[in-house]
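Fold and geometry: a report
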Amino acid sequence: MVFGCNQGQKVEIVISNINVIDVKEGKVIHNQDVVIDRNQIIDIQDHDDHKYQTDQLINGGGNYLIPGFWDMHVHTQDPDLYSKLYIANGITGIRDMGGNDPFTRAALSDDFKNIAQWREDILKGELLGPRVIAARSIIDGPPGFWPALKVVSNEKEAIATVQADKQAGADFIKVYSLLREREFKAVAEE
């Protein structure tokens, strides 16, 4: 690993005496210090090197540190409860696949407005929780697999749904298996 740091540099946090799980190489790197500044890991060094100054030194006590996990397919029903559960289980990022529909009142995920507010509260540091990437609608073709899906019958409806989701703050668009090719292409292009 190559990091751009200066010896003696003042940093925000040092987690010392930790065993780092290197998932890329598939090994444990024992007795390390992880150096964090501006919410980023800027260095991982041997514990005996002591290159950095910090006001927040966390003794890892020989425990293990792993990268945060992402859950790439969730439908969050209760953001306040889930926020704590995700973090407690090492999930530092989620991709909420959406599915709420105010017209049918069916829901796979909580109302998108709640998900979007939850995402903002986490970003502002007002709530501890995972990074949230969220869809709003699940777009499907007729007749629709279940009531929570937004069924589109033509390209114009597909484009309008994508625009509405983007306007509402969706990070991505989820499509489902009955969407026909021309509507799928319209969604992808939009």
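None of the values given here were measured: they were computed from a predicted structure. (Residues numbered from 1 in each chain as written. Predicted model: local features only at pLDDT ≥ 70, side-chain atom pairs only at ≥ 80, totals over all residues. Heavy atoms only, no water.)

1. Notes on the confidence of the model for the chain
Residue-level pLDDT values for the chain average 89, and 92% of them are 70 or greater. Taking the mean pLDDT of every element in the chain, the minimum, 88, falls on helix H1 (residues 79-88) and the maximum, 97, on helix H4 (residues 181-189). (pLDDT = per-residue confidence, 0-100. Helix = DSSP H or I, 4+ residues; strand = E, 2+ residues; numbered from the N terminus.)

2. Remarks on unusual backbone geometry
Going from Pro142 to Pro143, the amide bond is cis rather than trans, its omega being 5°. With respect to the helices, strands and loops of the structure, Pro143 is situated in the loop between strand S9 (138-140) and strand S10 (150-151). Here the phi dihedral of Asn17 falls at roughly 55°; this positive angle occurs in a residue that is not glycine. Position of Asn17 among the secondary structure elements: in strand S1 (residues 10-22).

3. Focus on the pairing of strand S8 (residues 131-134)
Burial along S8 is one-sided: Val132 and Ala134 are buried, while Arg131 and Ile133, pointing the other way, are not. Relative to S8, strand S7 (residues 91-96) is paired through four bridges, and the arrangement is parallel. Considered in S8, the bridge of Ile94 is made with Val132. (Buried < 20%, exposed > 50% of the residue type's maximum accessible area, 1.4 Å probe, protein only. Pairing = 2+ DSSP bridges.)

4. Describing the nonpolar core
Counting twelve residues, the largest nonpolar core consists of Val74, Tyr86, Ile91, Ile94, Phe112, Ile115, Ala116, Trp118, Ile122, Val132, Ala134 and Ala170. Where this core is concerned, the elements lending two or more residues are S7, helix H2 (112-123) and S8. Per-element accounting of this core gives the leading share, five residues, to H2. The contact partners of Ile94, leaving out residues within four places of it in the chain, are Trp70, Asp71, Val74, Thr76, Tyr86, Trp118, Pro130, Arg131, Val132 and Ile133. Listed in part, the seven residues of the second largest apolar core include Val152, Ala158, Leu179 and Val187. (Core = buried A, V, L, I, M, F, W, Y, C linked by side-chain atoms within 4.5 Å. Contact = heavy atoms within 4.5 Å.)

5. Thoughts on the environment of Pro143
Judged by its relative accessible area of 73%, Pro143 is exposed. If we ignore the near neighbours within four places in the chain, the residues touching Pro143 are Val151 and Leu178.

6. Comments concerning the packing of aromatic side chains
As enumerated under the stated definition, the model contains five aromatic pairs in all. Both rings, one in Tyr82 and one in Tyr86, keep their centres 5.7 Å apart while their planes meet at 55°; by these two values the pair is tilted. On the criterion of helical spacing, the pair formed by Tyr82 and Tyr86 is a turn pair, its members being four residues apart in helix H1. On the basis of relative accessibility, which here comes to 8%, the residue Tyr86 falls in the buried class. Between Phe145 and Tyr176 the ring centres are 5.8 Å apart and the planes differ by 40°, which places this aromatic pair in the tilted class. Remark: Tyr176 occurs in the loop between strand S11 (174-175) and H4 and Phe145 occurs in the loop between S9 and S10; sequence separation between them is 31 residues. Phe145 gets classed as exposed once you look at its relative accessible area, which sits at 52%. (Phe/Tyr/Trp six-rings, centres within 6.5 Å; stacked < 30°, edge-to-face > 60°.)

7. Overview of the sheet that holds S10
Across a sheet, paired strands are connected by hydrogen bonds in the backbone, their directions being either parallel or antiparallel. What the three strands build is an open sheet, ordered S10-S9-S11; its pairing is parallel. Both outer strands of the open sheet, S10 and S11, are each paired with one neighbouring strand and no more. Of the strand pairs in this sheet, S9 and S11 are connected by two bridges, and their pairing is parallel. Bridging from a neighbouring strand, Ile139 pairs with Val175 of S11.

8. Section: the layout of surface pockets
Its volume calculated, the largest pocket comes out at about 1200 Å³. Along the walls of the largest pocket sit 33 residues, with Asn39, Ile41, Pro67, Gly68 and Thr92 positioned nearest its centre. Listing elements by their share of the lining of the largest pocket, those giving two or more residues are S1, strand S2 (27-37), strand S3 (40-46), strand S4 (53-59), strand S6 (69-74), S7 and H2. Broken down by class, the residue content of the lining of the largest pocket amounts to 22 nonpolar, eight polar and three charged. (1 Å grid on protein atoms, 1.4 Å probe; cavity = no way out; pocket = protein on both sides within 12 Å on 5 of 7 lines; lining within 4 Å. Points joined across faces, edges and corners; volume = space filled by probe spheres on them. Nonpolar A, V, L, I, M, F, W, Y, C, P; charged D, E, K, R; others polar.)

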